[in-house]
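Descriptive analysis of the structure
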Amino acid sequence: MKIKFLVLTFVAALFAVSLQAEDYVLSTENTSLVVSVTKGGKPVYQYYGPKISDADVNGLFASRVNFSGDAYPAFGLNSSGEKAIAVEMPDGSMSLDLETTAMERTTDKNGQLLVITMKDKVYPFVVKQYFKAYNQSDIISTWTEITNEGKKDVKLLQFSSACVPLHRGNNYASHVHGSWGCESYLAEDPIANGQTVLADKEGLRNAWSNNPSVMITMNGQPQENEGEVFGCNLLWSGNYKIKIVAENNSLQVIAGINEETSTYSLSAKETFKTPELAMAYSTEGKGGISRAFHRWARQYALMHGDKVRDILLNSWEGVYMNVNQDVMDQMMGDIAKLGGELFVMDDGWFGDKYPRNDDHTSLGDWMVNKTKLPQGIDGLTASAKKYGIKFGIWIEPEMANTKSELFDNHPEWILQQKNRPIIQGRGGTQVVLDLTNPKVQDYVFSITDKLLTQHPDIAYIKWDCNAPIMNYGSTYLPASKQSEIYIRYHMGLRKVLERIRAKYPNVVLQACASGGGRINYGVLPYFDEFWTSDDTDAYQRLFIQWGDSQFYPAIGMAAHVSASPNHQTGRQVPLKFRFDVAMTGRLGMELQPKSMSDEEREFATRAITSYKEIRPIVQLGDLYRLVSPYDHLPISSLMYATQDRSRAAFFAYRLDYLYNQQVPLVRLTGVDENRNYLIKDLTPQQAGKPCAFDGKVVSGKILKYVGLEVGSVLERPMTSMALELIAQ
Ligand code: GLA
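Below, the structure is looked at part by part. No experiment lies behind these values; they were computed from the predicted model shown. Sequence order as written defines residue numbering, which begins from 1 separately in each chain. Per-residue local features of the predicted model are confined to residues with pLDDT of at least 70, and side-chain atom pairs are confined, for both listing and counting, to 80 or more; whole-chain, interface and lining totals are unaffected and use all residues. Side-chain descriptors were evaluated using all non-hydrogen atoms of the structure, hydrogens and water having been removed beforehand.

What about the overall build of the protein chain?
Short version of the rule: Working definition: helices are DSSP H or I runs of at least four residues, strands are E runs of at least two. Numbering for both runs from the N terminus. Throughout, radius of gyration means the C-alpha value; the globule benchmark is 2.2 Å times the number of residues raised to the power 0.38. For the exposure calls, accessible area comes from a 1.4 Å probe over protein chains only, and a residue counts as buried if that area is under 20% of its type's maximum, exposed if over 50%, partly exposed in between. In this description, contact between two residues means that some pair of their heavy atoms is separated by no more than 4.5 Å. Where accessible areas are quoted, they stem from the Shrake-Rupley method and a 1.4 Å probe; at the residue level, only the protein chains shown are allowed to cover. Charge counting treats Lys and Arg as positive and Asp and Glu as negative, with His and both chain ends excluded. The location of each charge is read from NZ of Lys, CZ of Arg, CG of Asp or CD of Glu.
A tally of regular secondary structure across the protein chain gives 12 helices and 37 strands. A compact globule built from 728 residues should have a C-alpha radius of gyration of about 27 Å, and the protein chain, at 26 Å, falls within 12% of that. Seen along its three principal axes, the alpha-carbon backbone of the protein chain occupies a region of about 75 × 70 × 45 Å. Every one of the 728 residues in the protein chain was classed for burial, and the buried ones make up 63%. Long-range contacts, defined here as pairs at least 24 residues apart, represent 69% of the contacts in the protein chain between residues at least 6 apart. In the structure as shown, the protein chain presents an accessible area of about 26,200 Å², 50% of it carried by carbon and sulfur atoms. When the 74 basic and 82 acidic side-chain charges of the protein chain are each reduced to a single mean position, those positions are 3 Å apart.

What follows is the structure, encoded as structure tokens:
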């Protein structure tokens, strides 16, 4: 192959390179992607891996050691094998034959782009394929824009974002899956010959079962710090499909919106944009992929990713729906005394004709329940002000109950099949609003808009979503568009969120969906954080948060200290352990502080003070996972380090305890081996009685290659430690 290449780096001068170029090298700080394309031909992946220079590209073709594959295979001609796109033309033809007509390199505000335009040889049909290297990151993303340039509708039968070829070797897939209260469990399996499909068809909460992300090792079992790993994450909040195809000695990842039961009619002149597939490649194991995604997320894919979060108390597990002015005031006073900065009133505050006292009624009626809150929201924001903290509120704006004034007035606004009974969810009455309808979009926007304009002191909104799409049908969409509900719902949701963010850029939004149902980068660009799970048992949270940390950063991970015994599992967990777990994410509390003993309050106050000290390390630093809870060893451990490694926060937990049991040393891979670190116990069980490591100065080399003998400190069941390391 003739080699004329263009290096897309961050050096503007290189943009003068010839348009005739055939091999495009798109580079991030540590990785490169090479795509070959000639006019009249089809784009082909040549390489994705550690960063290579211009000079390396010749060798790439000489050795052929890397993968090569059609970058956007279309169904219809020479058609065996997996495809990224399949369509039905107005004349019934299902063939597409795309040839490249233009290649363009360009930039947008946060990255370098390569855009390849492909046109069908016969039909007026255009696909633009995008590749984007995000500045100051190690993420490259890809997506397409599909345009019908004809006069009649074209049916899109499959419209994946990408089809990425990888090396077939001893590959493993590492991904997280789960269910309510048990989200984001890590599963790591060898990739068998045939097809592995990670998908979702829930409608609204696509992280409910399998998160729209996967890591794939190039050779051998997934390791935390070693080995080559590919990672990808689909930036979409609706039904998705990631298909890993291991056939014919090759490996492909085909990812995009789940096209099953979602045929999309592309009208004349309409363009359909597929969601971005964000990708990373690491030679430092899974840890490298996670750190690449966390850094990128803080910069590009999570709202306010550079600002540390407030420490909050949420009312849910403390009082459930029994909210009222006096209790809210008391809780605000208590969290302020403990050092908290924000109070969030959860479910139960609204409904007039149908007051919300349980989950049977009122969703949709976002007016204050005057019996519970005679002074309204202003009474609550006044309390918050009195205690010097901020105030937040819970809403579930995409929903209604069939017992609500909203449903009485607008029964046509819910998703439904006109000629069938309505299936009702939570509380026996919950239904989903039809966000494909612009009027409903306006209404959903108005809920937030009214709250924030009438009560500008509201600083935080917990946006919940507690139902799947159970009634597949829209009274708004015409018959020909009914098959697009799963897609158009999320386009509608995105429009609403965009309007909210345009008008209220500073309000803090939490994405909650019955716990962790919406942990995805489809919605997170609009949200500051996600509710990780309705399971707040610190012991189980170690597994859940470990799973989420594969792709999602600690700054977005809401982790709350709740009561013991835990309301979901009944497990008794010491307060110190509960804090030491919650301190690895965005720390909060979710209990009735009135029920805490004086001793517990004293501990909580110290722990909150310590968290404030390490908050920038946890929330803005790099994560190093040290001992996995999934390895079923007696302990689990992780650490965060600032990017210059001058400070770190270290956590270890005793998961299993037998007398004289062997406990591994924990090697602190995130320290700088050329520095010495002073160790400080952040959460001594008793004030003034820190653990044995406190006050010691240990070199980075020893911490990294010998490690800490945490077993000698964690000498009882359910013990834990939180340490700060300060470079000397
Ligand atoms: C969902 C959320 C909880 C709580 C309740 C309120 O289950 O995940 O945190 O807000 O709804 O009804």
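Picking up after the structure, the text goes on.
Remarks on the packing of aromatic side chains
Test applied: Any two rings among Phe, Tyr and Trp, with Trp reduced to its six-membered ring, count as a pair given centres within 6.5 Å; such a pair is stacked if its planes are under 30 degrees apart, edge-to-face if over 60, and tilted if neither. Charges are assigned to positions over rings by a cutoff of 6 Å between ring centre and Lys NZ or Arg CZ, combined with an angular limit of 35 degrees from the ring normal.
Tallied over the entire structure, the rule returns 28 aromatic pairs. Taken together, Tyr134, Phe293, Trp296, Tyr300, Tyr521, Phe530, Phe551 and Tyr552 form an aromatic cluster joined through their ring pairs. Between the NZ or CZ atom of Arg499 and the centre of the ring of Phe445, over which it lies, the distance is 4.2 Å. A cation over an aromatic ring shows up here: Arg541 above the ring of Trp531, its NZ or CZ 4.8 Å from the ring centre.

As for the pairing of strand β31 (residues 586-590)
Quick note on the threshold: Any two strands with at least two DSSP bridges between them are considered paired. For the handedness criterion, the strands are oriented away from the viewer, and a crossover whose path from the first strand over the helix to the second runs clockwise is classed as right-handed.
The buried fraction of β31 amounts to 5 of the 5 residues, a majority that puts the element mostly inside the structure. Residues Arg586, Gly588 and Glu590 of β31 are buried on one face, and the alternating residues Leu587 and Met589, pointing to the opposite face, are buried as well. Bridge count for strand β30 (residues 557-562) against β31 is 5 bridges, and the pairing is parallel. Across the sheet, residue Ala558 finds its bridge partner in β31, namely Arg586. In this view, the connection linking β30 to its parallel neighbour β31 by way of helix α10 (residues 575-582) has right-handed handedness.

Let's talk about helix α8 (residues 485-503)
This is how the line gets drawn: Any helix carries an expected span of 1.5 Å times its number of residues minus one.
The terminal C-alpha atoms of α8, which comprises 19 residues, lie 27 Å apart, in line with the 27 Å expected from a rise of 1.5 Å per residue. Every buried residue belonging to α8 is among Ile485, Tyr486, Ile487, Tyr489, His490, Gly492, Leu493, Val496, Leu497, Ile500 and Arg501, and all of these are buried.

Notes on the site of the ligand
For the record, the criterion: Definition of nearness: a residue and a molecule or strand are near each other if at least one heavy atom of the residue lies within 4 Å of the molecule or strand. Throughout this description, a polar contact denotes any pair of N or O atoms lying within 3.5 Å of each other; where both atoms belong to protein, one of them has to be capable of donating a hydrogen while the other can accept it, and for residues adjacent in sequence the pair is counted only when both atoms sit in side chains. Put simply, Ala, Val, Leu, Ile, Met, Phe, Trp, Tyr, Cys and Pro go in the nonpolar bin, Asp, Glu, Lys and Arg in the charged bin, and everything else, Gly too, in the polar bin.
The full set close to the ligand counts 13 residues, and Asp346, Asp347, Arg426, Lys462 and Asp534 are the nearest of them. Between the ligand and Asp464 there is a distance of 3.0 Å, counted from an oxygen atom to a side-chain nitrogen or oxygen. Here Trp531 contributes a side-chain N or O atom positioned 3.4 Å from an oxygen atom of the ligand. Contact with the protein chains hides 96% of the accessible area of the ligand, taken as 300 Å² for the molecule alone. Class assignment of the residues belonging to the shell around the ligand gives a composition of 4 nonpolar, 3 polar and 6 charged.

Here we look at a nonpolar patch on the surface
This is how it is decided: In this analysis, a patch consists of residues with relative accessible area above 30% that form no salt bridge, clustered at 9 Å for like charges and at 5 Å for the nonpolar side chains Val, Leu, Ile, Met, Phe, Trp and Tyr. The term salt bridge refers to a pairing of a side-chain nitrogen on Lys or Arg with a carboxyl oxygen on Asp or Glu at a separation within 4 Å.
Together, Leu665, Ile702, Tyr705 and Val706 give the surface a local cluster of nonpolar side chains, amounting to about 340 Å² of exposed area. Within the secondary structure, Val706 sits in the loop between α12 (700-705) and β37 (720-727).

Let's talk about the sheet that holds strand β24 (residues 390-395)
We apply this condition: Every angle, taken between N-to-C directions, lies between 0 and 180 degrees, and every axis is a line fitted to C-alpha atoms, over only the stretch in contact when it is a helix.
One closed barrel holds the 8 strands; their spatial order is β22-β23-β24-β27-β28-β29-β30-β31, and the pairing between them is parallel. Going across the sheet, the axis of each strand differs from the next one's by a mean of 30°, ignoring polarity.

Focus on the packing of helix α7 (residues 438-454) against α8
Put simply, the rule reads: The labels follow the angle: roughly parallel below 35 degrees, roughly antiparallel above 145, roughly perpendicular from 65 to 115, and oblique for the rest. Two helices crossing with the near one rotated counterclockwise from the far one by less than a right angle form a left-handed crossing, whereas a clockwise rotation gives a right-handed crossing.
α8 packs onto α7 with a crossing angle of 25° between their chain directions and a minimal axis gap of 9 Å. Classified by the interaxial angle, the pair formed by α7 and α8 is roughly parallel. Judged by the twist between their axes, the crossing of α7 over α8 is right-handed. Mapping the contact onto sequence places Gln441, Asp442, Val444, Phe445, Thr448, Asp449 and Thr453 in α7 and Gly492, Lys495, Val496, Arg499, Ile500 and Lys503 in α8.

Description of the pattern of salt bridges
Enumeration according to the criterion identifies 37 salt bridges in this entry. Measuring nitrogen to oxygen at the nearest pair gives 2.9 Å for the salt bridge that ties Lys503 to Asp449. Of the two residues, Lys503 is situated in helix α8 and Asp449 in helix α7; the sequence distance between them amounts to 54 residues. Accessibility expressed as a relative area gives 43% for Lys503, which makes it partly exposed. In this structure, Glu724 engages Arg647 in a salt bridge whose closest nitrogen and oxygen atoms are separated by 2.8 Å. In this pair, Glu724 is assigned in strand β37 and Arg647 in strand β34 (residues 647-654), connecting sequence segments 77 residues apart. Relative accessible area serves as the criterion here: at 26%, Arg647 is assigned to the partly exposed category.

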